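Below are the chains, spelled out letter by letter.
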Amino acid sequence: MPSLAVALLALLLGSAAVAATAWAGDNDIPADAQPRAYGAGWECKRGFERKGEKCREIELPQNAVLSPGVPNGWQCKR
């Protein structure tokens, strides 16, 4: 019975290592992007928007700030 437990543990650890390697090996994430918190792929960091396969900085008008909670949105300063 102990050898079965050791075999199962080795199988689980090996599977976790393969999954972590596949996720961490995603070299297609552009600058100013990060892996998605859920699911596959990537998303642009706050203050950037996706344009094709790159992230570009959101251009804010003078006297504007990024809107809290609104992706890629902005609002005028008070």
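Residues numbered from 1 in each chain as written. Predicted model: local features only at pLDDT ≥ 70, side-chain atom pairs only at ≥ 80, totals over all residues. Heavy atoms only, no water.

(A) Here's a closer look at the overall build of the protein. Secondary structure assignment for the protein yields one helix and six strands. Starting at the N terminus and walking to the C terminus, you meet the elements of the protein as α-β-β-β-β-β-β. With 78 residues in all, the protein has 15% of them scored as buried. Taking as baseline every contact in the protein between residues at least 6 positions apart, the subset at least 24 positions apart corresponds to 4%. Carbon and sulfur atoms form 59% of the exposed surface of the protein, whose accessible area is close to 6,400 Å². (Helix = DSSP H or I, 4+ residues; strand = E, 2+ residues; numbered from the N terminus. Buried < 20%, exposed > 50% of the residue type's maximum accessible area, 1.4 Å probe, protein only. Contact = heavy atoms within 4.5 Å. Areas by Shrake-Rupley, 256 points an atom, 1.4 Å probe, with all protein chains shown as cover.)

None of this, on its own, says anything about what the molecule does.
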